[in-house]
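Spelled out, the chains give:
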Amino acid sequence: QEMGYDRMYHKSDYIIDEEIGLGLSDESFFRQSVPMIQNIAENHERFYGTMITLTNHTPFDEIEKYGDFPVHATRMVENEDGEMIEEEVPYMEGTRLGNYLKAVHYADNAMGQFFDDLDEAGLLEDTIIVIYGDHDARLPRRDFVRLFNYDPETDSVRTSEDPDYIPVDYYKYELLRQVPFIIWSKDDQIQMEIDKVMGMYDVLPTLGNMFGFNSPYQLGHDIFSVDENVVVFPNGNWLTDKVYYNSQRQEYMVIDDAVVSNEYINKYIEHAEEVLDISNYIIVYDYIRRQREVDILMQDYKGT
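Right, let's walk through the structure included here. (Residues numbered from 1 in each chain as written. Predicted model: local features only at pLDDT ≥ 70, side-chain atom pairs only at ≥ 80, totals over all residues. Heavy atoms only, no water.)

1. Side note on the sheet that holds strand β10 (residues 238–239)
Right, so step 1: Ordered by their spatial adjacency, 4 strands build an open sheet running β9-β10-β11-β12, and the pairing between neighbours is antiparallel. Bordering the open sheet on either side are β9 (231–232) and β12 (251–254), each of which pairs with just one other strand.
Right, so step 2: In the sheet, strand β11 (residues 243–246) pairs with β12 via 4 bridges, with the strands oriented antiparallel. Residue pairing for β12: Val243 is matched across the bridge by Val254. (Pairing = 2+ DSSP bridges. Helix = DSSP H or I, 4+ residues; strand = E, 2+ residues; numbered from the N terminus.)

Below, the structure is given as structure tokens:
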């Protein structure tokens, strides 16, 4: 209730009939959730809910339960009869990234069935679905090196001496750690792709402008309206469409050969510090609750 929810559904509300990874499988979770959502819809004209899935989560090690989704490669080889045949080579099989792709494929199928079940139950009319991840998959950098530099002909990973080698340095790795954010409706009224950088704190003002609500404590921007957005990370790093800045090293990498000035860098350094300060006031020092208590005291004082 502290976060505005009237009812939390938890483990005791579900039959744990299939476990994958951290707990109840996505397929079972979605299937059992549909009648719960239907009951809510029958008793409320408008409602909002958050669903947290578990299957597509680290450590991605129950691949036998994800279904068939190969992440190998193929090459043409000559057999003993002199014929060219197709041969499988491992590529991403057996890697954390490969297992992650299998888990994503499972989650995608489960979500597709969920949408079909919602539609059959009449629950997709006047409904917006928002899909996002709360953090990246935390995959090892070596798997991305293999992803970009695998040579199926030799079944090996190219070295940095190879002219076709694609380096995955700190900054490229950081930029690969993206998280999806999708806003979807059955009527396809939302048909656009936003390529601006965006952070979790931009979700509230973005959805708020779409649906007509506002929070006085929102830190981000409506991604549909902002000219240039900036994502501030908890460690002080920040990202725009032009620059990734590393606060620990006090250095930055420009993106797509962008040209930036010292004023540009300093402006966002100051902005990042301000955002982190406000975030700490809210999360660490519980500023919003304390300020509300002060407001109530002041009202009582004025009343006397």
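2. Concerning the pattern of salt bridges
Right, so step 1: In the structure shown here, the tally under the stated rule is 12 salt bridges.
Right, so step 2: Between Glu251 and Arg249 there is a salt bridge; the shortest N-O distance is 3.5 Å.
Right, so step 3: Look at Glu251 and you get partly exposed, because its relative accessible area is 32%.
Right, so step 4: Residue classification places Arg249 among the partly exposed residues on the basis of a relative accessible area of 46%.
Right, so step 5: In this structure, the salt-bridge partner of Glu293 is Arg289, at a minimum N-O distance of 2.5 Å. Here Arg289 and Glu293 lie together in helix α7 (residues 287–303), a separation of 4 residues that amounts to about one turn. (Salt bridge = Lys/Arg side-chain N within 4 Å of Asp/Glu carboxyl O. Buried < 20%, exposed > 50% of the residue type's maximum accessible area, 1.4 Å probe, protein only.)

3. A word on the pairing of strand β4 (residues 84–89)
Right, so step 1: Where strand β3 (residues 73–78) meets β4, 6 bridges bridge the pair, whose relative direction is antiparallel. What sits directly across from Arg75, in β4, is Glu87.
Right, so step 2: Where β3 hands over to β4, the hairpin turn is made up of 5 residues, of which Gly82 adopts a positive phi near 80°.

Shape descriptors only; they carry no functional weight alone.
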